Amino acid sequence: MDVTSVTTLGSVLLGSLVATFLSGMNTLQTILYVRLYPEDTIRIKALVATIMSLDIIHTAFIWVSLWFFFIENFGQKPDIRLEQNPEFLPGLMVVTAITTLVAHMFYLHRIISLSHQNIWIAIPVVILALCRVGSGIATIAGVFKFQDLSEYLAGSYQVRWVLFLGLVFAAATDLAIMTTIIVLLWLGRRQTISLGKALDRLVLYTFEAGMLTTFTAIATMIAWLAQEHAFIFMAIYLSLAKVYTTGLLGSLNLRYQLRHDQNPQTSQDWNMTNVGDTPMMSRGLSDIEFHRRTTMTQVNETDTVLFV
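Since we're looking at a predicted model, the values are computed, not measured. (Residues numbered from 1 in each chain as written. Predicted model: local features only at pLDDT ≥ 70, side-chain atom pairs only at ≥ 80, totals over all residues. Heavy atoms only, no water.)

Asker: Requested: an account of empty space enclosed by the protein, with residues and values cited.
Answerer: In the structure shown here, the tally under the stated rule is two cavities of 30 Å³ or more. Considering only enclosed or pocket space, the largest cavity measures out at about 160 Å³ in volume. Around the largest cavity sit 15 residues that line it, and Tyr107, Ile177, Thr206, Ala209 and Gly210 are the ones nearest its centre. Every element with two or more residues in the lining of the largest cavity is listed here: helix H3 (87–114), helix H6 (157–189), helix H7 (196–226) and helix H9 (240–269). Per element, the largest residue contribution to the lining of the largest cavity is five residues, and it comes from H7. Within the lining of the largest cavity, the residues separate by chemical class into seven nonpolar, six polar and two charged. Space inside the second largest cavity adds up to approximately 90 Å³. Met93, Ala97, Arg132, Ser135, Gly136, Thr139, Ile140, Val162, Leu163, Gly166, Leu167 and Tyr237 are the residues that line the second largest cavity. For the lining of the second largest cavity, the element with the most residues is helix H4 (residues 119–143), which contributes five residues. Looking at side-chain class alone, the lining of the second largest cavity contains seven nonpolar, four polar and one charged residues. (1 Å grid on protein atoms, 1.4 Å probe; cavity = no way out; pocket = protein on both sides within 12 Å on 5 of 7 lines; lining within 4 Å. Points joined across faces, edges and corners; volume = space filled by probe spheres on them. Helix = DSSP H or I, 4+ residues; strand = E, 2+ residues; numbered from the N terminus. Nonpolar A, V, L, I, M, F, W, Y, C, P; charged D, E, K, R; others polar.)

Printed below as a string of structure tokens:
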């Protein structure tokens, strides 16, 4: 089957436009992060710089490929050969695999922090994430065995199903991460009163972000199974790395809303607070100083929940 058919190139074009739109959203989130969190540690800033750099590289690969298909070979049906266009499939797969790994490690760190360094809770997630990495490496290695995508899509049963298993492990890892974090947040809610609203919002966001990445991987699998020898699944696959970046940056920027939710209540209650029967003023703290300390305590608690 000719993989340069109208259906294939049309799918690539539509998928590229959607992926570029998501990349623009990620850029906006990065700008918001830079403006809202200049006090973050170098570790978190390096994480944001890494994930956004991968996003830019991913988008660049997409548009280099579009230039090859629609400009350099305008009006023709070029063979999608790896030596001619290595950015298209191998490059995209490498960047997607690295982005997925970075996102999974970020959430794994959150799970370990939530569970008070209980590594046994994180072991299932680690196993699934390693399986995802292994299948991704096997898929990339398999792609390089073929000269063009026609041969790859028409390859052996084992070769074609390696990509499918990679998507299965990605979806399974996302579900495991989402479920584990939600359970740990729910257990934490029973132990705190001041952060109840923040934890509820975190549970909702964790569910939404987890289902977004899971559904994207599942939709890619369905498209792959529906037409294994076509390239329709690529329209969805191009956005897979983008949604991981969106979820990670969104979880970091969510702190602003959580702080905003916490501070108004603090502002209303701080001047009514006593310790025992002794007002704070008599303990050597001015009203402004007490308000500042109480607010910072709420902020630190919120950031601790987010593990950043």
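So, next bit.
Asker: Can you tell me about unusual backbone geometry, naming the residues and giving the values?
Answerer: Positive phi, normally seen in glycine, also occurs at histidine 116, with a value near 60°. Its place among the elements puts histidine 116 in the loop between H3 and H4. Look at histidine 116 and you get exposed, because its relative accessible area is 66%. Here glutamine 117, not a glycine, exhibits a phi torsion of approximately 65°, which is positive. With relative accessibility at 57%, the residue glutamine 117 sits in the exposed group. (Buried < 20%, exposed > 50% of the residue type's maximum accessible area, 1.4 Å probe, protein only.)

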